[in-house]
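What follows is each chain in one-letter form.
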Amino acid sequence: MCARKALLLVDVQNDFCPNGALAVPEGDSIISILNQYIQKFSQNSFPVFASRDWHPVTTHHFKEFGGSWPAHCVENTRGAAFHPSLDLPENIIVFSKGMREGQDGYSAFEGVDDQGICLFDLLKQQDVEEIFIGGLATDYCVKASCLDAVKQGLKVYLLIDGIKGVNIHPDDSKEAIDEMVDRGVELLCFEECVFS
Ligand code: VGL
């Protein structure tokens, strides 16, 4: 039997897109291909999940309070909303992360849905064995999510045409991808995403 698959969209939020508080260069350029992935997974009755940064105003994640980043994705703000061009299906399950003052919340696996269920438990409940991951940003939340997924024993595909990186250092995304591949993540583009 064909293994059950799921799509995970990491942090495709306004603040990570151009004009956002922590804009990833060309972060919005991946949205149209992500919409195609969403359509493909939905058509095949595979679940689609999305993670989002959902920070309190005061958090150690922000520079102002000792962290690394300008304030971004503050809960219930426009910056924290998903990009309006992302066609999320109606039955999307959203995992919010970084909600406590001391929690960075890089990985989607640190998130919980609106019932407090974590992503790994939901994947287990739904018998998902293979997860396809795209979104923002390659060198932070996408990487952390992929590596956690591998640790949980899932087969992980990184959607190579559906990611963008912050690249504080020019090679950060390349190095992140190399590390993911070293840990067993497989790279995949849309044309290769064929379900038989
Ligand atoms: C992210 C930096 C800080 C991300 C989140 O979504 O990749 N990057 N917070």
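Residues numbered from 1 in each chain as written. Predicted model: local features only at pLDDT ≥ 70, side-chain atom pairs only at ≥ 80, totals over all residues. Heavy atoms only, no water.

Asker: Talk me through the overall build of the protein chain; I want residue IDs and the actual numbers.
Answerer: From N to C terminus, the protein chain includes four helices and six strands. Element order for the protein chain, N to C, with α for helix and β for strand: β-α-β-β-α-β-α-β-α-β. When the backbone C-alpha atoms are referred to their principal axes, the protein chain occupies close to 50 × 40 × 30 Å. Expressed as a percentage of the 196 residues in the protein chain, the buried residues total 53%. Look at the contacts in the protein chain between residues 6 or more apart in sequence, and 72% of them connect residues 24 or more apart. Across the protein chain, the centroid of the 15 positively charged side chains sits 2 Å from that of the 30 negatively charged ones. (Helix = DSSP H or I, 4+ residues; strand = E, 2+ residues; numbered from the N terminus. Buried < 20%, exposed > 50% of the residue type's maximum accessible area, 1.4 Å probe, protein only. Contact = heavy atoms within 4.5 Å. Lys, Arg positive; Asp, Glu negative; His and termini not counted. Charge placed at Lys NZ, Arg CZ, Asp CG, Glu CD.)

Asker: Kindly report on helix α3 (residues 138–151), identifying the contributing residues and their values.
Answerer: When α3 is considered as a whole, its buried residues turn out to be T138, D139, C141, V142, S145, C146, L147, D148 and A149. Turning to α3, the residues buried within the fold contact β1 (5–10), β2 (48–53), β3 (93–97), β4 (130–136), β5 (155–164) and α4 (172–182). Phi for G153, located one or two positions after α3, is positive at around 90°.

Asker: Explain the site of the ligand to me, and be specific about the residues and the numbers.
Answerer: Residues in contact with the ligand, as listed here, are D11, F16, L22, D53, H61, W69, H72, Y106, L136, A137, Y140 and C141. H61 places a side-chain nitrogen or oxygen 3.3 Å from a nitrogen atom of the ligand. The protein chains hide 99% of the 260 Å² of surface that the ligand would expose on its own. Judged by the fraction of its atoms near the pocket grid, the ligand is located in the largest cavity. When the residues that make up the shell around the ligand are grouped by side-chain class, the tally is eight nonpolar, two polar and two charged. (Near = heavy atom within 4 Å. Polar contact = N/O pair within 3.5 Å; in protein donor to acceptor, adjacent residues only side chain to side chain. Areas by Shrake-Rupley, 256 points an atom, 1.4 Å probe, with all protein chains shown as cover. 1 Å grid on protein atoms, 1.4 Å probe; cavity = no way out; pocket = protein on both sides within 12 Å on 5 of 7 lines; lining within 4 Å. Sits in = over half its atoms within 2 Å of the grid points. Nonpolar A, V, L, I, M, F, W, Y, C, P; charged D, E, K, R; others polar.)

Asker: Can you break down the pattern of salt bridges residue by residue, with the values?
Answerer: All chains considered together, the criterion is met by nine salt bridges. As a salt-bridge pair, K164 and E26 come within 3.7 Å of each other at their nearest N and O atoms. Of this pair, K164 sits in strand β5 while E26 sits in the loop between β1 and α1 (31–43), and the two are 138 residues apart along the sequence. Classification of K164 by relative accessible area gives partly exposed; the value is 25%. Judged by its relative accessible area of 52%, E26 falls in the exposed class. (Salt bridge = Lys/Arg side-chain N within 4 Å of Asp/Glu carboxyl O.)

Asker: Got a sec to walk through the side chain of D53? Specific residues and values, please.
Answerer: Note on placement: D53 falls in strand β2. For D53, the contacting residues outside a window of four places in its chain are D11, Q13, F16, H61, H72, C73, A80, K97, G105 and C141.

Asker: How would you sum up the environment of G134? Please name residues and give values.
Answerer: Here G134 shows up in strand β4. Residue class for G134 comes out buried when judged on its relative accessible area of 0%. C-alpha separation for the pair G134 and A50, spaced 84 residues apart in sequence, amounts to 9.8 Å. Not counting residues within four places of it along the chain, the set of residues in contact with G134 comprises L8, L9, V10, L34, V142, L159, G162 and I163.

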